[in-house]
Amino acid sequence: MTKDGWLIVGNGSIGLLWASKLSELGEEVTVVCRSSVPSAPLEVENEDEWGATQTRRYNIEFTDKNHLTGKYTKTLLCTKAFDLIPAFLDIRAHTKKRGIVATLCNGMGAQHDLIPHLKKHQNLWAGVTSEGALKLSPNSVRKTGIGDTFFGLIRDSEQCLFADAFPFPDVQSANVEQRLIEKVAINAVINPLTAIFSIRNGQVLEQPIRPIFDAAINELAQAMRSQCFKYNAHTKNVTPESLHQRISTVARLTAMNCSSMYEDVRNLRRTENEYISGFFHREAQEDTPLQDFFYHALNDQEHLEEHKKKLLTMYH
Ligand SMILES: NC(=O)C1=CN([C@@H]2O[C@H](COP(=O)(O)OP(=O)(O)OC[C@H]3O[C@@H](n4cnc5c(N)ncnc54)[C@H](OP(=O)(O)O)[C@@H]3O)[C@@H](O)[C@H]2O)C=CC1
Ligand SMILES: CC(C)(CO)C(=O)C(=O)O
């Protein structure tokens, strides 16, 4: 049986947020959960313009992979980068062979690694989002930051049911590779700093973190402009000023948010370090000592306090 609604994989903050957005469009939404399957409706908390909390409820279906039926034409994977492929393989049998698969995860690498696992005529849309969200329980989420979201085709099959149109208004992007790289740069600055120093996003703009924030941006801009950088076609016009402006804006708009990496570190969960600082650590041909430092510090969390002190000494 063909299902024309959306199948969302992952009831984390982003999966719950997108379940509400799709539901608001009048779409049928099914969310596949790996752990506990909620029996209550989805709840989304948001602050109105006067700072009062508003809660909206949505009638969507929560289920687990063993109770899925039919084949979905539209699938949105909202997992961490390292879970993307196993999550798709879990539900692959329930995806339509000419349908679309979309991803919303940070970092670089996992999206492209998914391509060989797709069915023959499925289109793959890689998404990037700078919205902030905090999961409160398996069925509730709080919006914590304003941001934008874009999806672009990274695998285009002529026989896909949706041709090359993404079935959600105003999010389609023709230059998604550029957006993916720009987003990984944003995450490579905000996420490690917030995770190492246990601070909210907005605090990266303040003392004593500010000099490290500035240095991390200058270093990345230089690495991204280098002719030897594999993705140089998408990044050659990046300047320290433009990168600075973009990353500072995200930090301001999500000032009260705890980045996904900070949440992972404080909840003792695996981080996306490998797909964020790890990406620059492997791919940048220029020296990126700060990214290398972040990468090693986050792989050595038992000594985070020492890494923190060292960073502060180096930049003051
Ligand atoms: N939170 C934020 O503000 C932002 C997050 N992002 C990015 O979006 C992506 C998702 O983030 P976020 O929602 O915060 O992450 P979470 O860790 O909150 O959620 C990921 C969810 O995916 C679930 N999952 C993993 N594997 C499977 C599977 N096989 N089947 C079903 N569910 C599965 C996890 O299940 P379980 O509960 O069992 O762990 C978890 O609920 C990440 O790449 C993140 O970096 C981007 C911008 C902002
Ligand atoms: C945009 C930002 C920094 C929002 O917190 C994010 O992508 C994350 O937390 O991973």
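Keep in mind that what you see is a predicted model, and the values were worked out from it rather than measured.

## Here's the deal with the sheet that holds strand β3 (residues 42-47)
- Read from one edge of the open sheet, four strands run β4-β3-β10-β9, paired in mixed fashion. Every other strand in the sheet has two partners, leaving β4 (53-58) and β9 (132-137) as the edge strands with one partner each. Each strand axis lies, on average, 25° off the axis of its neighbour in the sheet, ignoring direction.
- Pairing of β3 with strand β10 (residues 140-145) involves three bridges; the strand directions are parallel. Paired with Glu43 across the strands is Ser140, a residue of β10.
- Its contacts with the sheet place helix α1 (residues 13-24) against β3, β4, β9 and β10, and it is angled at close to 100° to β9.

## Details of the UniProt feature "domain: Ketopantoate reductase C-terminal" (unreviewed entry) in the protein
- Look at the UniProt record and you will see "domain: Ketopantoate reductase C-terminal" (unreviewed entry) annotated at residues 175-299.
- The span residues 175-299 is 64% helical and 0% strand by assignment, and the distance between its end C-alpha atoms comes to 32 Å.

## Side note on the site of ligand 2
- Near ligand 2 you find Asn106, Ser130, Lys183, Asn187, Asn191, Asn201, Val250, Asn257, Ser259 and Ser260, and these make up its full shell.
- At a separation of 2.9 Å, an oxygen atom of ligand 2 approaches a polar side-chain atom of Asn187.
- Within the side chain of Asn191, a nitrogen or oxygen atom sits 3.1 Å from an oxygen atom of ligand 2.
- Starting from 280 Å² of accessible surface for ligand 2 in isolation, the protein chains cover 95%.
- A total of three residues in the shell around ligand 2 trace back to one element, the largest contributor, which is helix α4 (residues 176-197).

## Some remarks on α4
- For α4, built from 22 residues, the straight-helix expectation of 32 Å at 1.5 Å per residue is met to within 8% by its first-to-last C-alpha distance of 31 Å.
- Among the 22 residues that make up α4, 18 are buried, leaving the element largely enclosed by the rest of the structure.
- A positive backbone phi angle near 55° is found at Ser198, which sits one or two residues after α4.

## Side note on the packing of α4 against helix α11 (residues 304-314)
- Direction vectors running N to C along α4 and α11 enclose 115°, while the axes themselves pass 9 Å from each other. Across from Ala195, Ile196 and Phe197 in α4, the residues of α11 making contact are Leu304, Lys308, Leu311 and Leu312.
- Of the residues in the contact of α4 with α11, the class split is six nonpolar, no polar and one charged.

Conventions and cut-offs
Residues numbered from 1 in each chain as written. Chains lettered and ligands numbered in written order. Predicted model: local features only at pLDDT ≥ 70, side-chain atom pairs only at ≥ 80, totals over all residues. Heavy atoms only, no water. Pairing = 2+ DSSP bridges. Helix = DSSP H or I, 4+ residues; strand = E, 2+ residues; numbered from the N terminus. Axes fitted to C-alpha atoms, helices over the stretch in contact; angles between N-to-C directions. Contact = heavy atoms within 4.5 Å. UniProt positions renumbered as here; feature names shortened; annotations may be inferred. Near = heavy atom within 4 Å. Polar contact = N/O pair within 3.5 Å; in protein donor to acceptor, adjacent residues only side chain to side chain. Areas by Shrake-Rupley, 256 points an atom, 1.4 Å probe, with all protein chains shown as cover. Expected span 1.5 Å × (residues − 1). Buried < 20%, exposed > 50% of the residue type's maximum accessible area, 1.4 Å probe, protein only. Nonpolar A, V, L, I, M, F, W, Y, C, P; charged D, E, K, R; others polar.

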